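# Residue-level structural notes
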Amino acid sequence: MKLYLVKYGEITLKGKNRRYFENKLLSNIRSRIEPFGAELDFYQGRIFVRSDDDRIIPVLQDTFGLVEICPAVQLPLEMEALREAALEQMAALTAGRQMSFKVETRRSNKGFALDSPAINRDIGGYVLKNLPHVRVDVHEPDIRLEIEVREQIYLYAKTYPAVRGIPYGTAGKSVVLMSGGIDSPVAAFNMARRGVEIVPLHFHAMPFTSEMALDKVRKLVRRLSDYTGWLYFYHLNLSQAQIKLREACDERYFTILQRRLMTRLATLLAEDKHALSLTTGENLAQVASQTMEGIYCTNDATHLPIFRPLISLDKDDIVKQAKQIETFETSILPYEDCCTIFLPAKVATRPKLADVLAEEAKVDMARLIEDTWQTLVREKIEA
Ligand code: ATP
Ligand code: MG
């Protein structure tokens, strides 16, 4: 079977809790690669995965906590074998092209006769002698030939970058308000990458919004599940509550009232699922719900912290990340959102909490929440 040396990042800094993070990371990897008949070993701070199915490479690349996936060859502790393997790799990677390289050795096995600089010189010299089209560049090499001398020797040159972050499920749980837009999937991804278990919640407004609009959000959640593993996706029908708000309240407050309602319902779900926070894709901009005043009025509707990981980002940067995590193409599909169908003509962009509360008092909020909660649907989403 092919061997992959899998490097992980930040959690090596976690001191006493390191074991906890490592164990979680290992069990996450195990459950993700199991369907591919892959094997996993862990010793001396390195993860070794063995598999003949190349599909595990993108799976490992999408695993939070991992930094790099290195297809490696495993060799006995002797220079002769290492020289030949190094030459073979360099010949394959350069394929006759003029390229530069550098040998980097880490020797944790102090019993091995040569030290790291001596191995670098030996292997570098041998490759140079046999491949006239390559040259050494220690600063910006095209190819880094890496050697790890442990209980065996591991050699690798080509690596695949992974998403980094913290192992999924080590940082608590958050209900993520998921629209079908560009921002919320990016917000969800960033929280998940910090180890937060996400509970995606969407509000639709059927029959005013279409099945296609809901399916778009489902698709976004499915893409997120490539990173997190299978997810429960929750949705609620907001249409009846929206109609009541529209009838009873000053339309300038509709947007903020709707956000307070969403926030309350999300809080109910959070309490039910033992999540200690909410997450949104909000970003400071001049729409009613995304001004400082709007955010203040929204926060008043819950006792939970609301995380807004995109609050200070430029739209360009959010779009860039949406493309990187491959949610962008789905997000820009032109289906209506529940927020846009009842869009008022006039909006109070700097709502005062006292005015908002006065408007809210015109409806039976407890009733709206209870009736909407009855529409809750849970779906299991798998990659
Ligand atoms: P997005 O691109 O995420 O839709 P946006 O810039 O369009 O964000 P808004 O429509 O004001 O901004 O929504 C702000 C946040 O409110 C969203 O990021 C999301 O977290 C939440 N939200 C909006 N609409 C919905 C919805 N229909 N269901 C669940 N959450 C929603
Ligand atoms: Mg939106």
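Residues numbered from 1 in each chain as written. Chains lettered and ligands numbered in written order. Predicted model: local features only at pLDDT ≥ 70, side-chain atom pairs only at ≥ 80, totals over all residues. Heavy atoms only, no water.

Bridge analysis of strand E2 (residues 39–43) against strand E3 (residues 46–51) gives 5 bridges, and the strand direction is antiparallel. The residue of E3 that forms the bridge with tyrosine 43 is arginine 46. (Pairing = 2+ DSSP bridges. Helix = DSSP H or I, 4+ residues; strand = E, 2+ residues; numbered from the N terminus.)

Turning our eyes to something else, we now look at a nonpolar patch on the surface. Taken together, Leu128, Val136 and Val138 make up a surface patch of nonpolar side chains, about 230 Å² in accessible area. Exposure remark for valine 136: the relative accessible area of 43% places this residue in the partly exposed category. (Patch = residues over 30% accessible without salt bridge, like charges linked within 9 Å, V, L, I, M, F, W, Y side chains within 5 Å. Areas by Shrake-Rupley, 256 points an atom, 1.4 Å probe, with all protein chains shown as cover. Salt bridge = Lys/Arg side-chain N within 4 Å of Asp/Glu carboxyl O. Buried < 20%, exposed > 50% of the residue type's maximum accessible area, 1.4 Å probe, protein only.)

What follows deals with the domain arrangement of the chain. Per the domain assignment, the segments making up the chain are domain 1 (2–161) and domain 2 (173–381). Using C-alpha coordinates to define each centre, domain 1 is positioned 43 Å away from domain 2. The partner domain 2 presents 9 residues to the 4 residues of domain 1 that form the contact. Of all residues in domain 1, the largest losses of buried area upon contact with domain 2 belong to Arg32, Asp62 and Phe64, amounting jointly to 86% of the total for that side. The interface formed by domain 1 and domain 2 contains 1 salt bridge. The salt bridge involving aspartate 62 is made with arginine 223; its shortest N-O contact spans 3.8 Å. Inspection of the domain 1/domain 2 interface yields 2 residue pairs in polar contact (both at pLDDT 80 or more). (Domains from an automatic or database assignment. Contact = heavy atoms within 4.5 Å. Buried area = accessible area lost by both parts, 1.4 Å probe. Polar contact = N/O pair within 3.5 Å; in protein donor to acceptor, adjacent residues only side chain to side chain.)

Structurally, asparagine 109 can be placed in the loop between strand E5 (99–107) and helix H4 (116–130). Residues within four places of asparagine 109 in sequence aside, it is in contact with Leu77, Val149, Arg150 and Glu151. Within the structure, the side chain of asparagine 109 is placed 3.0 Å from the backbone nitrogen of glycine 111, a separation counted as a polar contact. Only 2.8 Å separates the side chain of asparagine 109 from the backbone oxygen of arginine 150, close enough to count as a polar contact.

A few words on helix H5 (residues 183–193). Counting buried residues in H5 gives 10 out of 11 residues, a clear majority hidden from the surface. Of the residues trailing H5, glycine 195 is marked for its positive phi of about 95 degrees.

The 6 strands are arranged E14-E13-E10-E11-E12-E15 in an open sheet whose pairing can be described as mixed. Each edge of the sheet is formed by a strand with only one pairing partner; in this case those strands are strand E14 (306–307) and strand E15 (377–381). Bridge analysis of strand E11 (residues 197–204) against strand E12 (residues 231–237) gives 4 bridges, and the strand direction is parallel. If you follow histidine 204 over to E12, its bridge partner there is asparagine 237. Its contacts with the sheet put helix H6 (residues 211–228) on E11, E12 and E15, and the angle it makes with E12 is roughly 160 degrees. (Axes fitted to C-alpha atoms, helices over the stretch in contact; angles between N-to-C directions.)

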